[in-house]
Amino acid sequence: MFKEYYRKNPVPPPPSIERREFAFTTFSSSGMIRHISFKNPEEMNRYIIERIPRHAYYSTAYYSDPSAPEMEDKGWQGADMVFDIDVDHIDTPCKPLHDTWRCKACGAHGRGLALKCPVCGSESLERQTWVCDRCISVAREEALKLIDILEEDLGISRSEMIPVFSGHRGFHIHVEDKALIDLEQEARREIADYVRGLGIDPDLYIERTGDLYKYKYPSTAPGWRGRIAMHLALRGKEDTPLPREELKKLIMECVAEARANIDEKVTMDVKRLIRLPGTLHGKTGLKVLPLTIQQLEAMDAASIIERAVALPDTPVKVEMEEWPRRVLGFTFSEDGSKKTVPLYLAVYLVLNSPTARILSIG
């Protein structure tokens with residue numbers, strides 16, 4: 001099915017294709033094939049059709065010799081800045097409906113997000129995670145917060161930001177701003193810290209009023225000063241004098257609401273491999289879908305998933321030991337191990353669960 005998709009849908013090349021490293025994993029092996037380069041889009045698409053990758057990546061970095069087998073020989077010439085928003089580590093309200101965990105140490109198990117076993121404290125957990133429209137809705141809101149911070153606070157033009165649905169549990173925001181290409185790792189760390197609201201000292205944002213304290217900046221103030229003020233206003237607390245510690249706690253709650261939840265490691269990495277837009281995600285069969293900011297603002301999560309569906313919707317019967325209660329836009333009851341679903345959803349189930357198998361098509 002992946003092969004048929006790639007035969008009919010040429011993958012658009014990233015900018016400066018000849019200066020990028022490409023990497024792939026296939027269905028027949030678990031290792032990554034790296035240090036690949038292409039001179040033009042036709043060469044890239046011939047390779048994809050011949051190899052049928054399960055996952056396809058390209059470098060955010062530009063190199064003078066991207067196919068060199070050693071990183072130090074590639075000749076780094078700069079890198080796009082990329083932000084990764086993934087709901088894996090965000091405790092969304094839908095996780096108990098589709099995510100499960102089992103502790104390898106004591107055998108305890110449960111539903112929802114668990115970073116360590118609540119019974120024995122072990123961090124050795126076996127997880128089964130799925131994605132639904134509610135997950136994507138949370139990730140979309142985070143992406144929109146990030147875009148607003150980048151534009152309003154850092155002066156990055158919307159025309160230089162490309163949102164991409166990852167095909168799984170989140171979004172990548174590609175920033176193709178020539179002023180940022182040469183930034184080293186520490187400078188990128190500063191930007192990542194800024195959008196996450198790290199290092200904010202609430203004592204610098206308050207002033208004394210008699211025996212109490214109030215927030216001292218208006219919502220029109222630039223940067224985090226105004227951003228915090230706007231969230232205080234949403235709570236009806238913008239002009240409220242409070243005890244010092246209570247106000248500081250409230251300010252940090254506003255920071256938590258306004259911050260963009262990104263994976264800072266991706267932004268800091270100047271030699272990162274990122275999913276190639278236009279390819280299929282090997283864990284879902286969904287398209288890695290580039291969007292405009294206007295589309296991201298206008299489309300809800302269900303519409304984004306619908307647009308990312310790249311495989312047929314032929315009804316198929318699937319057998320599976322334990323069904324998620326919610327996956328993509330579908331809700332399932334817990335009764336019965338056999339259900340009829342669209343083929344694209346069946347592919348997603350088979351790619352993720354060792355107990356899922358397709359019984360019949362049509």
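A.B. asks: In this structure, what is going on with the environment of Arg-325? I would like to understand it.
C.D. replies: Among the structural elements, Arg-325 can be located in the loop between β16 (315-319) and β17 (326-327). Here the alpha-carbon distance between Arg-325 and Pro-202, two residues 123 residues apart in the chain, equals 42 Å. Residues within four places of Arg-325 in sequence aside, it is in contact with Pro-96, Leu-97, Arg-111, Phe-330, Thr-331, Phe-332 and Glu-334.

A.B. asks: Where do I start with unusual backbone geometry in this structure?
C.D. replies: It is generally the case that most residues other than glycine have a negative phi and that most peptide bonds are trans. We note that Ser-16 has phi near 55 degrees; this positive angle belongs to a residue other than glycine. Within the secondary structure, Ser-16 is located in the loop between α1 (2-8) and β1 (22-26). Judged by relative accessible area, Ser-16 falls into the partly exposed class, the value being 28%. Positive phi is not limited to glycine here, since Ile-52 has a value of about 50 degrees. With respect to the element layout, Ile-52 can be found in the loop between α2 (41-51) and β3 (53-59).

A.B. asks: Is there a simple way to explain the nonpolar core in this structure?
C.D. replies: Side chains of nonpolar character tend, in soluble globular proteins, to be buried together. Phe-22, Phe-83, Leu-146, Phe-171, Leu-328 and Leu-345 are the most contacted members of the largest nonpolar core, which totals 78 residues. Ranked by residue count, the leading element in this core is helix α4 (residues 133-152), at nine residues. For Leu-345, the contacting residues outside a window of four places in its chain are Val-327, Leu-328, Phe-330 and Phe-332. Counting 16 residues, the second-largest nonpolar core is a separate cluster that includes Tyr-213, Leu-250, Cys-254 and Ala-258.

A.B. asks: Looking at this structure, how should I read helix α5 (residues 185-195)?
C.D. replies: Every α-helical turn comprises 3.6 residues, leaving residues that sit three or four positions apart pointing alike. By the burial criterion, the buried members of α5 are Arg-188, Ile-191, Ala-192 and Val-195. When α5 is viewed along its axis, its buried side chains cluster within an angular range of 100 degrees and face the same direction. Where the residues of α5 are buried, they touch β5 (76-79), β6 (81-86), α4, α6 (223-234) and α8 (264-268). One or two residues past the end of α5 sits Gly-197, with phi positive at roughly 70 degrees.

A.B. asks: Would you mind showing me how to read the side chain of His-172 here?
C.D. replies: Relative to the helices and strands, His-172 resides in strand β11 (residues 170-175). One polar contact links His-172 to Asp-84, side chain to side chain, over a distance of 3.4 Å. Those residues in contact with His-172, other than ones at most four positions away along the chain, are Val-82, Phe-83, Asp-84, Ile-162, Pro-163, Val-164, Ser-166, Ile-274 and Arg-275.

A.B. asks: What should I look at first to understand the packing of aromatic side chains in this one?
C.D. replies: By convention here, two paired aromatic rings are described through the distance between centres and the angle between planes. A full pass over the atoms with the stated rule returns 15 aromatic pairs. Ring geometry for Phe-2 and Phe-27: centres 5.0 Å apart, planes at 90 degrees, overall edge-to-face. Here Phe-27 lies in the loop between β1 and β2 (33-36) and Phe-2 lies in helix α1, a separation of 25 residues in the sequence. Residue class for Phe-27 comes out partly exposed when judged on its relative accessible area of 42%. Aromatic ring contacts, followed pair by pair, group Phe-22, Phe-24, Phe-38, Tyr-47 and Tyr-58 into a single cluster. Over the aromatic face of Tyr-217 sits the side chain of Arg-225, whose NZ or CZ is 5.3 Å from the ring centroid.

About the cut-offs
Residues numbered from 1 in each chain as written. Predicted model: local features only at pLDDT ≥ 70, side-chain atom pairs only at ≥ 80, totals over all residues. Heavy atoms only, no water. Helix = DSSP H or I, 4+ residues; strand = E, 2+ residues; numbered from the N terminus. Contact = heavy atoms within 4.5 Å. Buried < 20%, exposed > 50% of the residue type's maximum accessible area, 1.4 Å probe, protein only. Core = buried A, V, L, I, M, F, W, Y, C linked by side-chain atoms within 4.5 Å. Arc of directions from axis to C-beta. Polar contact = N/O pair within 3.5 Å; in protein donor to acceptor, adjacent residues only side chain to side chain. Phe/Tyr/Trp six-rings, centres within 6.5 Å; stacked < 30°, edge-to-face > 60°. Lys NZ or Arg CZ within 6 Å of the ring centre and 35° of its normal.

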